[in-house]
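For reference, the chains in residue letters:
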Protein chains: 2
Amino acid sequence: MNKEYPSSALERAVGEFAKLPGIGRKTALRLVLHMLSRPDEEVGTFGKVFSTLKQDIHYCKVCHNISDTDVCDICANPKRDGKLLCVVENVQDVLAIESTMQYNGLYHVLGGIISPMDGIGPQDLQIASLVERVQEGGIDEVILALSPTMEGDTTNFFISRKLQPMGVKLSVIARGVAVGNNLEYADEVSLGRSIVDRIPFQ
Amino acid sequence: MNKEYPSSALERAVGEFAKLPGIGRKTALRLVLHMLSRPDEEVGTFGKVFSTLKQDIHYCKVCHNISDTDVCDICANPKRDGKLLCVVENVQDVLAIESTMQYNGLYHVLGGIISPMDGIGPQDLQIASLVERVQEGGIDEVILALSPTMEGDTTNFFISRKLQPMGVKLSVIARGVAVGNNLEYADEVSLGRSIVDRIPFQ
């Protein structure tokens, strides 16, 4: 046998799972065999949900977050502070910030981050629509809440160059030692930043 | 918001992935967002493969392994030793034994293991067809190659009770210390078995 699996249908299903990030061929085989042990109906539903996934998912036309409606629940909520705009990379970041219960403004989801290595440039992201949103007025402060990585810094820099001339207040999320962590386990860069960016003791 | 995600289509897709073993809701969300970043066609294909998975997968009518044909490549191979039959739990075990290149007989895939906790009894497995195969004659030895667990031992016992009256030679795979492992790290039970089941030094 020069093929890995005894069946082409199995081969195909394993291949599809193995395309996903973090799933190797061994895990993929385990998942497919699990599915084969489930009722036909359940497996069929799984397939149908993904057959139409891209057509079923809609995006908020204001903040570009995933949404069921034209304008998402956050953008449509009159209790949220429309003068505050938080720029994030993706849906997960919106969920993470929402779960902190510390933010009551609106969001702008870029849908990615500038990454020349992956061929992602500013034109692939929702940056033009961000500039438009700020241009329309009504926004006092834009908080850049991207990951503290090289790509995040590049994207922050690119956006700040576009927004600074408009006179809007720009801020970035604080970087420093994680709450609850022992100082000795903090990495040097974060510890260094936490000293440089120290704030008055309250 | 009392719902976890901002869209029901997203909720649905995450829920489908999270049903799979070893995939939590965070990983599921990451997988769905990855898919949303892929071309429509690729995601559509993923869905279609699983919509028809259960219909596309066939089983060998002799050994019950997954196969494209009525009789699988191993069962149909005249070079394999038809007098030797190895009883395994599932497809992965066939692949694992094949990759050792140490076995040239045929297989019988039970499709599971007796597990009262999970409600799996002998009638849910390919045990009746194993008994039939042995009854038909031509098989000299049946090797029980199930996992060395309580369930494996129970299944071995059940099968041996059925096959012993037929006069076929029964054997189980050797249990002992793993090759390449330091003795001090071997668990007591395996180490104990390796002493009791010692073999002549060659």
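Going along each chain's sequence as written, the residues are numbered from 1 onward. Following the order in which they are written, the chains are lettered starting with A and the ligands numbered starting with 1. Local features in this predicted model are restricted to residues whose pLDDT is 70 or higher, and side-chain atom pairs enter the listing and the counts only when it is 80 or higher, whereas totals over whole chains, interfaces and linings include all residues. Hydrogens and water are ignored here; the side-chain numbers use all heavy atoms of the structure.

K.L.:
Tell me about helix H2 (residues 25-36) of chain B, and name the residues and values.
P.N.:
With 12 residues, H2 of chain B extends 16 Å between its outermost C-alpha atoms, agreeing within 8% with the 16 Å of an ideal straight helix rising 1.5 Å per residue. Exposed residues in this analysis have more than 50% of their type's maximum accessible area, buried residues have under 20%, and partly exposed residues fall in between, with area computed by a 1.4 Å probe over protein chains only. A run of H or I in DSSP becomes a helix once it reaches four residues, and a run of E becomes a strand once it reaches two; helices and strands are each numbered from the N terminus. Among the residues of H2 of chain B, those classed as buried are Ala28, Leu29, Leu31, Val32, Leu33, Met35 and Leu36 of chain B. Expected span, for any helix, means 1.5 Å times one less than how many residues it has.

K.L.:
I'd like a description of the pattern of salt bridges, backed by residues and values.
P.N.:
In a structure, side chains of opposite charge can pair up when their charged atoms sit close to one another. Residues and elements named next belong to chain A. Salt bridges are defined as contacts in which a side-chain nitrogen from Lys or Arg sits within 4 Å of a carboxyl oxygen from Asp or Glu. This structure, assessed with the given rule, holds 18 salt bridges over all chains. Between Glu141 and Lys169 there is a salt bridge; the shortest N-O distance is 3.8 Å. Taken as a pair, Glu141 in strand E5 (residues 141-144) and Lys169 in strand E6 (residues 169-172) lie far apart in primary sequence, 28 residues in all. Among the residues examined, Glu141 registers a relative accessible area of 16% and is labelled buried. Note on Lys169: relative accessible area 52%, which makes it exposed.

K.L.:
So what's going on with helix H3 (residues 40-51) of chain B? Which residues, and what values?
P.N.:
Under the 1.5 Å per step criterion, the end-to-end length of H3 of chain B is 16 Å for 12 residues, consistent within 8% with the ideal 16 Å. What H3 of chain B keeps buried is the set Val43, Gly44, Phe46, Gly47, Val49 and Phe50 of chain B.

K.L.:
Give me the lowdown on the relation of the copies chain B and chain A, citing residues and values where you can.
P.N.:
The least-squares superposition of copies is restricted to C-alpha atoms, and to residues with a pLDDT of at least 70 in both copies. It takes a turn of 180° to lay chain B on chain A, together with a shift of 0.0 Å along the axis; the resulting RMSD is 0.1 Å. Interpreted geometrically, this transformation is the action of a two-fold axis. Minimal C-alpha separation from the rotation axis in chain B is found for Gly47 of chain B, amounting to 2.1 Å.

K.L.:
Explain the packing of helix H1 (residues 8-18) of chain A against helix H2 (residues 25-36) of chain A to me, and be specific about the residues and the numbers.
P.N.:
Residue and element names in this part refer to chain A. Here an axis means a line fitted to C-alpha atoms, over the contact stretch when the element is a helix, while the angle between two N-to-C directions is reported on a 0 to 180 degree scale. Here H1 crosses H2 at 120°, and the two axes come no closer than 8 Å. Our classification of the angle between H1 and H2 gives oblique. Note on packing geometry: the crossing formed by H1 with H2 is right-handed. Judged by residue contacts, Leu10, Glu11, Ala13, Val14, Gly15, Phe17 and Ala18 of H1 engage Arg25, Ala28, Leu29, Leu31, Val32, Leu33 and Met35 from H2. Residue composition of the contact of H1 with H2, by class: 11 nonpolar, one polar and two charged. Each angle receives one of four descriptions, namely roughly parallel if under 35 degrees, roughly antiparallel if over 145, roughly perpendicular if within 65 to 115, and oblique otherwise. Definitions for this section: a left-handed crossing has its near helix turned counterclockwise from the far helix by less than a right angle. A right-handed crossing has that turn clockwise. Note on contacts: a residue pair is in contact if any heavy atoms of the two residues lie within 4.5 Å. Asp, Glu, Lys and Arg are counted as charged, while Ala, Val, Leu, Ile, Met, Phe, Trp, Tyr, Cys and Pro are counted as nonpolar; the rest, among them Gly, fall into the polar class.

K.L.:
So what's going on with the sheet that holds strand E3 (residues 81-88) of chain B? Residues and values would help.
P.N.:
Residues and elements named next belong to chain B. Two strands qualify as a pair provided DSSP detects at least 2 bridges between them. Pairing within the open sheet is parallel, and its four strands lie in the order E4-E3-E5-E6. With one partner strand each, in any of the chains shown, strand E4 (105-109) and strand E6 (169-172) form the two edges of the open sheet. The mean angle between the axes of side-by-side strands here comes to 25°, regardless of whether they run parallel or antiparallel. Note: E3 against E4, five bridges, orientation parallel. By the bridge assignment, Cys86 is partnered in E4 with Tyr107. In the packing of helix H6 (residues 91-100) onto the sheet, contacts are made with E3 and E4, and the angle to E4 comes to roughly 160°.

Distances and angles like these do not, on their own, reveal function.
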